[in-house]
Amino acid sequence: MRSSTLFKFLLIVIFSFIVIILGLIIGGGIKNTVHIFEIILHGLFGLDLRDSLSSVEVSIIWNIRFPRVLLAFIVGGMLSISGVIIQSVLRNPLASSYTIGVSSGASLGIGIFIICNITFLGYFTYPVIGFIFSVLTIIFVISLCKKLDSSMSNNTIILIGMVMSLFLNAVFILITSVRHESLSSIIIWQLGSFSSRGWIYVISIIPFLIIGVFGTMFYSRELDILTFGDDMSKAVGVNVSKIKIIMLLYVSILTGASIAASGVIGFVDLVVPHISRKMFGSGHSVVILSSLFIGGILMVIFDIISRVIIYPAEIPIATVNALIGTPIFCYIFFREYRR
């Protein structure tokens, strides 16, 4: 890693900590930064608290706000990495998890379990179900692609994925229409939120984060080669079809768990890869890690905006993402297009 790249990466890591601290400070409750640090150190290492801090103040920071900020950071990072992988594999700057039906598959599976009120694995149920349905969707898309096009061209994957996404959304709407008594809870979940998400949500999503990050980093060299096209990749010995399948499975892990934890959130996986490549170039070993932090930073900022703009009420995080993310994406994309 070059010194300039390392310097920019360290700045992003430092800014990540600053944004997380802002997420803890901004909002109702405690605004004394020293007290917030004391509470966090108490929760992490068991350090003694001053007598002036009440149990309510400790609970606000440690049980409500800290896990919420961490969950927003993790989800933003996971969605951003999934966007990097999809855009690289399909060589399409407009591709995202919605393009190939992964998000729709995860939403359908989690929606069914919410309607039926099934939680056989406790808080791990929804991340696992999101992953399973995402994988099933990917498997079905890949099977259809292989039957229509044995080389699994990017255009075929995108076409089949978009058709599958529309179909799964239609099935989801049909099920929620039949079980209209669960419609309110489904709508609240679909709008996306990190509210009332405790430590158990953070713990349940961390295994998927670790698998997704290390798995995609392991294939960073192959992803670099894929950017030159399928023919060139085959010429240097890369099994293109196999790599595409593996990468799409990792996308299902990242996306399925993220949707389960926070609801359906878009635009981060579309915008962040462009920002990361603009800052660090096209090398995926750096782009993946930088997208993890940049996506986390943006998601925490969006979450702060969602809970303070009409305080004490909240705006759905998906709405904030779309309102802010769309202008950002348009600026980045059209600027590159003009060049």
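This text goes with the structure placed above it.
Residues numbered from 1 in each chain as written. Predicted model: local features only at pLDDT ≥ 70, side-chain atom pairs only at ≥ 80, totals over all residues. Heavy atoms only, no water.

Next up on the list: the overall build of the protein chain. A count of helical and extended segments in the protein chain gives 14 helices and 0 strands. The linear arrangement of helices and strands in the protein chain, starting from the amino end, is α-α-α-α-α-α-α-α-α-α-α-α-α-α. The globule rule puts the C-alpha radius of gyration for 339 residues at 20 Å, and the 20 Å found for the protein chain is close to it. Along the longest, intermediate and shortest principal axes, the C-alpha atoms of the protein chain span 70 × 60 × 35 Å. The burial tally for the protein chain puts 53% of its 339 residues in the buried class. For the protein chain, the share of sequence-separated contacts (at least 6 apart) that also reach a separation of at least 24 residues comes to 76%. Per element, the accessible surface of the protein chain, about 15700 Å² overall, is 70% carbon and sulfur. In the protein chain, 21 side chains carry a positive charge and 14 a negative one; their mean positions are 8 Å apart. (Helix = DSSP H or I, 4+ residues; strand = E, 2+ residues; numbered from the N terminus. Rg over C-alpha atoms; globule rule 2.2 N^0.38 Å. Buried < 20%, exposed > 50% of the residue type's maximum accessible area, 1.4 Å probe, protein only. Contact = heavy atoms within 4.5 Å. Areas by Shrake-Rupley, 256 points an atom, 1.4 Å probe, with all protein chains shown as cover. Lys, Arg positive; Asp, Glu negative; His and termini not counted. Charge placed at Lys NZ, Arg CZ, Asp CG, Glu CD.)

Interaxial distance between helix H12 (residues 268-280) and helix H13 (residues 284-308) falls to 8 Å at its minimum, and their mutual angle equals 130 degrees. On the basis of their axis angle, the class for H12 and H13 is oblique. Between H12 and H13 the crossing geometry is right-handed. Each of Val-268, Val-272, Pro-273, Ile-275, Ser-276, Arg-277, Met-279 and Phe-280 in H12 lies in contact with H13, whose residues at this interface are His-284, Val-286, Val-287, Ser-290, Ser-291, Ile-294, Gly-295, Leu-298, Met-299 and Phe-302. (Axes fitted to C-alpha atoms, helices over the stretch in contact; angles between N-to-C directions. Parallel < 35°, antiparallel > 145°, perpendicular 65-115°, else oblique. Left-handed = near helix turned anticlockwise from the far one by under 90°.)

Let's shift gears to unusual backbone geometry. Leaving glycine aside, a negative phi is the common case for residues, and trans is the common case for peptide bonds. You will see that Arg-91, though not glycine, has its phi angle at about 50 degrees, which is positive. Note on placement: Arg-91 falls in the loop between helix H3 (55-90) and helix H4 (102-116). Looking at Arg-91, the relative accessible area reads 47%, which means it is partly exposed.

Right, let's get into the pattern of salt bridges. Per the counting criterion, the structure on display carries 3 salt bridges. As a salt-bridge pair, Arg-68 and Asp-303 come within 2.9 Å of each other at their nearest N and O atoms. On the criterion of sequence distance, the pair formed by Arg-68 in helix H3 and Asp-303 in helix H13 is long-range, its members being 235 residues apart. Across the pair, exposure class does not vary: Arg-68 and Asp-303 are buried alike. In this structure, Asp-303 engages Arg-307 in a salt bridge whose closest nitrogen and oxygen atoms are separated by 3.4 Å. You can see Asp-303 and its partner Arg-307 sitting in helix H13, 4 residues apart, about one turn around the helix. Overall, Arg-307 belongs to the buried group, its relative accessible area being 8%. By sharing partners, the salt bridges in this structure join Arg-68, Asp-303, Arg-307 and Glu-314 into a single network. (Salt bridge = Lys/Arg side-chain N within 4 Å of Asp/Glu carboxyl O.)

Here we come to the packing of aromatic side chains. Throughout the structure, instances matching the rule amount to 7 aromatic pairs. Between Trp-62 and Trp-199, the aromatic rings sit 4.9 Å apart at their centres with planes inclined by 40 degrees, giving tilted as the arrangement. Of the two residues, Trp-62 is situated in helix H3 and Trp-199 in helix H8 (residues 199-218); the sequence distance between them amounts to 137 residues. For Trp-199, a relative accessible area of 22% puts it in the partly exposed group. Taking the centre distance of 5.4 Å and the plane angle of 85 degrees together, the rings of Phe-66 and Trp-199 count as edge-to-face. Placement of Phe-66 in helix H3 and of Trp-199 in helix H8 is noted, with a sequence separation of 133 residues between them. For the cation-ring pair, Lys-8 lies above Phe-280, with the distance from its terminal atom to the ring centre recorded as 5.5 Å. (Phe/Tyr/Trp six-rings, centres within 6.5 Å; stacked < 30°, edge-to-face > 60°. Lys NZ or Arg CZ within 6 Å of the ring centre and 35° of its normal.)

Met-247 and Met-299 are the most contacted members of the largest nonpolar core, which has 102 residues in total. Considering each element in turn, this core owes the most residues, 18 residues, to H3. Excluding its chain neighbours within four sequence positions, the residues that come into contact with Met-247 are Ile-85, Val-89, Gly-215, Tyr-219 and Leu-223. (Core = buried A, V, L, I, M, F, W, Y, C linked by side-chain atoms within 4.5 Å.)

Attention now moves to empty space enclosed by the protein. Under the criterion given, the structure shown has 1 cavity of 30 Å³ or more. Considering the residues around the largest cavity, the lining is formed by Phe-267, Val-268, Val-271, Val-272, Leu-298, Phe-302, Asn-321, Gly-325 and Ile-328. Elements represented by at least two residues in the lining of the largest cavity include exactly H12, H13 and helix H14 (317-338). In terms of residue class, the lining of the largest cavity is made up of 7 nonpolar, 2 polar and no charged. (1 Å grid on protein atoms, 1.4 Å probe; cavity = no way out; pocket = protein on both sides within 12 Å on 5 of 7 lines; lining within 4 Å. Points joined across faces, edges and corners; volume = space filled by probe spheres on them. Nonpolar A, V, L, I, M, F, W, Y, C, P; charged D, E, K, R; others polar.)

Side chains of Phe-7, Leu-11, Ile-14, Phe-15, Ile-18, Leu-22, Ile-26, Val-308, Ile-309 and Ile-310 sit close together on the surface and give an oily, nonpolar patch of about 860 Å² of accessible area. Considering every element that reaches the nonpolar patch, the biggest residue donor is helix H1 (residues 3-25), with 6 residues. By secondary structure assignment, the location of Val-308 is in helix H13. (Patch = residues over 30% accessible without salt bridge, like charges linked within 9 Å, V, L, I, M, F, W, Y side chains within 5 Å.)

Considering the arrangement of structural elements, one finds Thr-5 in helix H1. Sequence separation of Thr-5 and Met-279 is 274 residues, and the distance between their C-alpha atoms is 8.4 Å. If we skip the residues at most four places from it in the chain, Thr-5 touches Phe-280 and Val-286.

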